[in-house]
Protein chains: 4
Amino acid sequence: MSEEPAPRRRQARGERRITQLLQAAASVFCRTGYSAASTNAIAREAQVSPGTLYQYFPNKEAIAVELGGRLLQQMRETHGLAFDAANLDLPLPELVDAVLEPVIDFNCRNPAFLALMHGSGDIPGRIAEEHDAVHASMLGRIADVIGKFVPSLPADDRGRVADMTLGIVKAGLDLVLAAPEGPAREATVAELKKAVVRYLAPLLEPDPDAPARLTTTPSS
Amino acid sequence: MSEEPAPRRRQARGERRITQLLQAAASVFCRTGYSAASTNAIAREAQVSPGTLYQYFPNKEAIAVELGGRLLQQMRETHGLAFDAANLDLPLPELVDAVLEPVIDFNCRNPAFLALMHGSGDIPGRIAEEHDAVHASMLGRIADVIGKFVPSLPADDRGRVADMTLGIVKAGLDLVLAAPEGPAREATVAELKKAVVRYLAPLLEPDPDAPARLTTTPSS
Amino acid sequence: MSEEPAPRRRQARGERRITQLLQAAASVFCRTGYSAASTNAIAREAQVSPGTLYQYFPNKEAIAVELGGRLLQQMRETHGLAFDAANLDLPLPELVDAVLEPVIDFNCRNPAFLALMHGSGDIPGRIAEEHDAVHASMLGRIADVIGKFVPSLPADDRGRVADMTLGIVKAGLDLVLAAPEGPAREATVAELKKAVVRYLAPLLEPDPDAPARLTTTPSS
Amino acid sequence: MSEEPAPRRRQARGERRITQLLQAAASVFCRTGYSAASTNAIAREAQVSPGTLYQYFPNKEAIAVELGGRLLQQMRETHGLAFDAANLDLPLPELVDAVLEPVIDFNCRNPAFLALMHGSGDIPGRIAEEHDAVHASMLGRIADVIGKFVPSLPADDRGRVADMTLGIVKAGLDLVLAAPEGPAREATVAELKKAVVRYLAPLLEPDPDAPARLTTTPSS
DNA sequence: TATGAATGAGTGTTCATTCAT
DNA sequence: TATGAATGAACACTCATTCAT
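Since we're looking at a predicted model, the values are computed, not measured.

A. Spatial organisation of the overall build of chain A. Helix and strand content of chain A: 10 helices and zero strands. Within chain A, buried positions represent 45% of all 220 residues. Sequence-distant contacts in chain A: of pairs separated by 6 or more residues, those separated by 24 or more amount to 65%. Of the roughly 11400 Å² of accessible surface on chain A, a fraction of 53% belongs to carbon and sulfur atoms.

B. Local environment of the pattern of salt bridges. What the rule picks out here adds up to 32 salt bridges over all chains. Across the salt bridge formed by D97 of chain C and K193 of chain C, the nearest N and O atoms sit 3.1 Å from each other. Of the two residues, D97 of chain C sits in helix α6 (residues 92–109) while K193 of chain C sits in helix α10 (residues 183–200), which places them 96 residues apart along the sequence. A relative accessible area of 13% means that K193 of chain C is categorised as buried. A salt bridge links E101 of chain C to K193 of chain C; the shortest N-O distance between them is 2.5 Å. Of the two residues, E101 of chain C is situated in helix α6 and K193 of chain C in helix α10; the sequence distance between them amounts to 92 residues. Relative accessible area serves as the criterion here: at 36%, E101 of chain C is assigned to the partly exposed category. If you follow the salt bridges from partner to partner, you end up with E15, E66 and R70 of chain A in one network.

C. Geometry of the packing of aromatic side chains. Under the criterion given, the structure shown has eight aromatic pairs over all chains. Considering the side-chain rings of F29 of chain A and Y34 of chain A, the 5.5 Å spacing of their centres and the 50 degrees angle between planes classify their relative orientation as tilted. Taking relative accessible area as the criterion, F29 of chain A reaches 1% and is therefore assigned buried. Ring geometry for F106 of chain B and F113 of chain B: centres 5.7 Å apart, planes at 80 degrees, overall edge-to-face. A relative accessible area of 3% places F106 of chain B in the buried class.

D. Structural view of the UniProt feature "domain: HTH tetR-type" (unreviewed entry) in chain A. Those residues carrying the UniProt feature "domain: HTH tetR-type" (unreviewed entry) are residues 15–75 of chain A in this numbering. Taken as a whole, residues 15–75 of chain A contains 79% helix and 0% strand, while its terminal C-alpha atoms sit 19 Å from one another.

E. Here's a closer look at the protein's contact with DNA strand E. Around DNA strand E there are 36 residues in total, and T39 of chain A, R17 of chain B, Y54 of chain C together with R17 and T52 of chain D lie nearest to it. Note that a phosphate oxygen of DNA strand E is positioned 3.0 Å from one of the backbone N or O atoms of S49 of chain B. In this structure, a phosphate oxygen belonging to DNA strand E sits 2.8 Å away from a side-chain N or O atom of Y56 of chain D. A per-element tally of the surface near DNA strand E places helix α3 (residues 50–56) of chain D first, with five residues. Partitioned by chemical class, the residues of the surface near DNA strand E number eight nonpolar, 18 polar and 10 charged.

F. Seen up close, the environment of K193 of chain B. Each C-alpha atom of the pair K193 of chain B and G172 of chain B lies 8.6 Å from the other, and the pair is 21 residues apart in sequence. Aside from chain neighbours lying at most four places away, what touches K193 of chain B is V96, D97, L100, E101 and I104 of chain B.

G. Main features of the protein's contact with DNA strand F. Surveying the vicinity of DNA strand F reveals 35 residues, the closest of which are R17 and T52 of chain A, Y54 of chain B, R17 of chain C together with T39 of chain D. The sugar and phosphate moieties of DNA strand F supply 63% of its atoms located within 4 Å of the protein. Within the contact set of DNA strand F, a phosphate oxygen lies 2.7 Å away from a backbone nitrogen or oxygen of T39 of chain B. Here a phosphate oxygen of DNA strand F and a backbone polar atom of K60 of chain B are 2.9 Å apart. Going through the elements one at a time, α1 (5–32) and α3 (50–56) of chain A, α2 (39–45) and α3 (50–56) of chain B, α1 (5–32) and α3 (50–56) of chain C together with α2 (39–45) and α3 of chain D are the ones with two or more residues in the surface near DNA strand F. The class makeup of the residues in the surface near DNA strand F is eight nonpolar, 18 polar and nine charged.

H. Up close: the interface of chain B and chain A. Taken together, the 26 residues of chain B in the interface contact 24 residues of chain A. Here chain B and chain A share an interface that buries about 2200 Å² over both sides, 67% of which is from carbon and sulfur atoms. Summed over the three residues of chain B that lose the most area to chain A, namely R160, M164 and R198 of chain B, the buried surface amounts to 26% of that side. For the pair chain B and chain A, the interface holds zero salt bridges. Put simply, chain B and chain A have five residue pairs in polar contact (both at pLDDT 80 or more) between them.

I. How the structure looks around the UniProt feature "DNA-binding region" (unreviewed entry) in chain A. UniProt marks residues 38–57 of chain A with the feature "DNA-binding region" (unreviewed entry), using the numbering shown here. Segment residues 38–57 of chain A splits into 70% helix and 0% strand. End C-alpha atoms: 14 Å apart.

J. Broad picture of the relation of the copies chain B and chain A. Of the transformation superimposing chain B on chain A, the axial component is 0.0 Å and the angular component is 177 degrees, with the fit at an RMSD of 0.9 Å. What we have between these two chains is a two-fold relation. In this assembly, 85% of the residues forming the interface of chain B have copies in chain A that are likewise at the interface, indicating an isologous arrangement.

K. Spotlight on unusual backbone geometry. Positioned with a positive phi, Q47 of chain A is a non-glycine residue whose angle comes to about 60 degrees. Topologically, Q47 of chain A is positioned in the loop between α2 (39–45) and α3.

L. Local environment of the domain arrangement of chain A. All names here are of chain A. When the domains of chain A are assigned, the result is domain 1 (1–57) and domain 2 (61–220). Residue-level contacts link 13 residues of domain 1 with 14 residues of domain 2. Carbon and sulfur atoms supply 80% of the area that domain 1 and domain 2 bury against each other, a total of about 1100 Å² over both sides. In this structure, the salt-bridge partner of E15 is R70, at a minimum N-O distance of 2.9 Å.

M. Spatial organisation of the nonpolar core. Counting residues in each nonpolar core, the largest one holds 126 residues, and the members touching the most others are F29, F113 and I168 of chain A together with F29, L67, F113 and I168 of chain B. Element by element, the count of residues in this core is highest for helix α10 (residues 183–204) of chain B, at 10 residues. Discounting residues that sit within four places of it in the chain, F113 of chain A has contacts with G68, L71, L72, M75, F106, N107, V134 and M138 of chain A. I142 and L173 of chain C together with A26 and V189 of chain D belong to the second largest nonpolar core, which has 123 residues in total.

N. The environment of Q23 of chain D, seen in detail. Here Q23 of chain D lies in helix α1 (residues 5–32). Taking the C-alpha atoms as reference, Q23 of chain D lies 8.9 Å from E45 of chain D; in sequence the two are 22 residues apart.

O. Structural view of the side chain of R160 of chain D. With respect to the helices and strands, R160 of chain D occurs in helix α9 (residues 155–178). In this structure the side chain of R160 of chain D is engaged in a polar contact, spanning 3.0 Å, whose partner is the side chain of D157 of chain D. Not counting the four nearest positions on each side in its chain, R160 of chain D is found in contact with A184, A187 and T188 of chain C together with Y199 of chain D.

P. Structural context of the state of the cysteines. A full pass over the atoms with the stated rule returns zero disulfides over all chains. Summary of cysteine pairing: C30 of chain B is not part of a disulfide, and the nearest cysteine sulfur, belonging to C108 of chain B, is at 12 Å.

Q. Molecular detail of the side chain of K170 of chain C. Looking at where K170 of chain C falls in the secondary structure, it is placed in helix α9 (residues 155–178). Here K170 of chain C sits buried without a salt bridge, and the closest side chain of opposite charge, D174 of chain D, lies 7.7 Å off (N-O distance). Once residues within four sequence positions are removed from consideration, K170 of chain C is found in contact with L114, M117 and H135 of chain C.

R. Highlighting the packing of helix α9 (residues 155–178) of chain A against helix α10 (residues 183–200) of chain A. Residues and elements named next belong to chain A. Close contact between α9 and α10 brings their axes to 9 Å; oriented N to C, the two are set at 170 degrees. Judged by the angle between their axes, α9 and α10 are roughly antiparallel. Between α9, through R160, V161, M164, T165, I168, V169, G172, L173, L175, V176 and L177, and α10, the contact on the second element is made entirely by R185, T188, V189, L192, A195, V196, Y199 and L200. Within the contact of α9 with α10, the residues separate by chemical class into 14 nonpolar, three polar and two charged.

Conventions and cut-offs
Residues numbered from 1 in each chain as written. Chains lettered and ligands numbered in written order. Predicted model: local features only at pLDDT ≥ 70, side-chain atom pairs only at ≥ 80, totals over all residues. Heavy atoms only, no water. Helix = DSSP H or I, 4+ residues; strand = E, 2+ residues; numbered from the N terminus. Buried < 20%, exposed > 50% of the residue type's maximum accessible area, 1.4 Å probe, protein only. Contact = heavy atoms within 4.5 Å. Areas by Shrake-Rupley, 256 points an atom, 1.4 Å probe, with all protein chains shown as cover. Salt bridge = Lys/Arg side-chain N within 4 Å of Asp/Glu carboxyl O. Phe/Tyr/Trp six-rings, centres within 6.5 Å; stacked < 30°, edge-to-face > 60°. UniProt positions renumbered as here; feature names shortened; annotations may be inferred. Near = heavy atom within 4 Å. Polar contact = N/O pair within 3.5 Å; in protein donor to acceptor, adjacent residues only side chain to side chain. Nonpolar A, V, L, I, M, F, W, Y, C, P; charged D, E, K, R; others polar. Buried area = accessible area lost by both parts, 1.4 Å probe. Least-squares fit on C-alpha atoms with pLDDT ≥ 70 in both. Domains from an automatic or database assignment. Core = buried A, V, L, I, M, F, W, Y, C linked by side-chain atoms within 4.5 Å. Disulfide = S-S within 2.5 Å. Lys, Arg positive; Asp, Glu negative; His and termini not counted. Axes fitted to C-alpha atoms, helices over the stretch in contact; angles between N-to-C directions. Parallel < 35°, antiparallel > 145°, perpendicular 65-115°, else oblique.

See the structure below:
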């Protein structure tokens with residue numbers, strides 16, 4: 001009874017430490033990229049000694065993995081509804097808008113997420129695989145949506161389309177983050193949405209004879 | 001007459017060494033990215049001592065710069081016509097095909113090019129500028145083509161469209177290179193082309209009433 | 001109260017390490033001179049890894065600067081009184097004796113000091129300046145003493161005499177350090193003092209009427 | 001008969017090469033000191049390939065040794081008379097003047113000589129010994145002169161005086177070379193001579209009662 | 001004989017990781 | 001649990017020296 005609070009507090013303190021370290025890591029990864037980020041720099045940013053860092057993470061890779069995982073989780077929790085909800089009934093532009101808006105929003109607030117995804121090439125061996133988990137997860141969601149819209153699409157086609165869609169989104173997010181906040185960024189966001197909508201629209205056209213209703217409205 | 005062969009041979013050997021070193025660098029950059037690539041690893045890959053590497057390049061950056069420059073030059077020389085030629089009269093799908101086909105082809109044969117473009121963020125100082133030159137150059141070409149097709153498009157819109165287009169192409173190239181050679185790769189190539197065509201098609205449609213002739217025919 | 005000892009011990013350890021490293025550096029500088037001394041050799045001599053050395057000094061230069069600074073400081077603290085004290089009233093031989101004795105003593109105990117002064121030409125950049133500071137400081141003191149004795153001497157003459165005096169002292173110190181401890185060294189010390197006394201004596205002869213028995217007539 | 005000229009020419013050519021290399025070495029040693037001078041830099045300065053350098057000298061040390069030896073020889077040949085000639089009958093100031101003047105002159109024209117003597121500390125192992133030969137040779141000459149003047153001086157005293165004298169001369173030469181050409185340098189030269197004369201004068205005074213005939217007459 | 005490309009051990013320095021406290 | 005000093009392998013780069021031509 002008298003022993004219980006301690007472990008709890010410890011756990012709580014540990015959790016805080018981890019959060020603190022991951023925030024520091026996010027900040028450093030954003031500034032320098034994964035491979036140029038030093039664990040000592042992360043510890044310093046977290047106002048913690050290197051030894052402490054290694055009490056919570058076995059190595060540098062693990063930090064990136066955990067950070068990536070948490071960010072993904074966070075994204076899912078905060079905005080993930082977009083995927084699952086009933087907006088599958090919406091016309092494509094609105095659907096894309098509903099899905100992309102929170103994603104874009106999240107990435108603007110957590111630029112480390114993108115940095116990590118791009119850096120995964122630099123990450124050696126096992127880490128890359130775990131990182132790919134994040135990637136794969138997003139891919140899976142996209143593929144699911146596509147599958148629901150066009151159930152007739154063969155699996156490998158669906159995979160390819162999902163890949164391409166995610167590629168476009170990532171490329172667009174880069175541009176969005178690179179744009180200065182303000183109208184320029186808004187315009188870039190709009191452009192990204194257009195790109196996705198236009199890419200996906202033809203998939204949904206069940207009848208080549210019918211005028212292309214679902215397609216994008218006139219551009220820009 | 002008796003003096004000439006020596007220097008020439010020397011130069012020839014030097015040229016060969018440089019080529020050999022750049023090939024090794026390309027290979028290592030592909031495997032590990034720029035920043036994780038060590039000069040010793042490059043030398044080892046080239047079956048050469050570190051000292052030899054430094055007889056031809058003053059530092060690590062210079063290797064990346066020279067490799068990037070040569071690849072760009074090579075791309076321009078081999079396939080650059082695509083942009084300049086008369087295929088501006090072609091319908092969009094054929095135009096994209098004509099332009100993208102050699103670019104894809106080149107990147108398949110020289111995967112280091114993409115690796116270098118992705119890594120350019122990690123490259124410090126002057127190199128980054130030169131690398132950005134590559135990026136900027138491609139961007140400029142795309143913007144030119146767009147400008148010719150849609151002269152009415154305001155400059156900043158044109159820039160954004162060029163950015164987005166290049167982003168899609170780079171993302172697509174990543175997928176193409178990641179795909180195993182064979183039908184899977186071909187399909188990915190086709191998907192990339194579709195993505196570009198669909199993204200650009202609406203730009204060219206002056207008349208929303210007219211049936212969307214220039215647009216892609218039903219996909220897949 | 002329970003928090004204090006740790007940092008203090010840490011600091012104490014750090015201070016010890018620095019001392020240890022500087023001792024090792026002194027030893028290596030003595031054996032090989034500044035430029036031939038390698039940081040790894042210094043670390044090895046200090047029975048420490050290279051990384052540890054760099055935890056306390058940002059680079060090789062800094063080691064020399066710190067060592068030089070400490071030695072100078074030490075010399076000032078231990079023996080510096082010689083210059084300032086009332087022994088300006090002593091006759092020249094006693095004055096030279098009073099000033100030189102501790103200097104010689106110090107250099108015998110800290111041969112690195114001389115090694116560093118000789119090597120200062122090899123030391124690049126900022127360090128050289130700091131080292132010159134040591135040199136300049138000693139020069140200034142000598143010039144001060146001369147100025148007090150012969151206020152009529154023009155500034156540039158005074159500078160030249162100080163230069164020459166310091167030169168003689170440094171040359172003599174080299175000989176002293178080269179001599180085996182014992183009577184040989186004592187004799188060399190005596191010789192150095194004689195050289196300085198004889199060089200300076202003529203300067204101090206206030207009365208040109210008195211037959212210039214031993215000396216030069218007033219110089220230049 | 002037809003064979004003879006070739007070897008001679010070869011020898012002649014070889015001699016020229018060596019001279020050329022030693023001149024280059026002198027120049028580089030002067031600029032950077034012995035240990036910072038790279039053999040490649042010497043070869044470059046001599047407009048010769050590194051391989052050629054190593055055809056004439058087995059290693060870097062040998063270059064310094066040979067250069068030192070030649071400079072000494074040259075000094076002996078050009079100005080050495082000073083030591084041997086009849087000016088032993090001159091009063092001390094004139095003697096010192098006669099001996100020092102050409103030495104100073106030579107060192108002004110061949111600053112590498114001094115650079116080499118100072119650098120001998122940096123020179124490892126065997127080389128230092130050979131370099132000391134130069135030093136020892138000069139020492140011997142000085143000791144000889146002293147011996148002739150004061151035959152009663154015990155050998156070890158004589159050695160010490162010679163050491164000190166050479167020390168003063170070297171220190172003075174440093175100052176002379178450091179002074180800008182012109183009156184400043186002349187004044188420094190005069191100061192050096194004074195230092196030597198004053199140091200040696202008392203040695204020659206057999207009788208403190210007798211007026212100090214041998215001592216310096218009015219200075220400079 | 002002369003070349004200059006090639007070598008490889010060595011330099012100063014960094015950083016992911018460990019360990020005594 | 002937290003510290004930060006300590007480690008040592010690795011990095012980018014240099015240079016005295018060798019060797020194929």
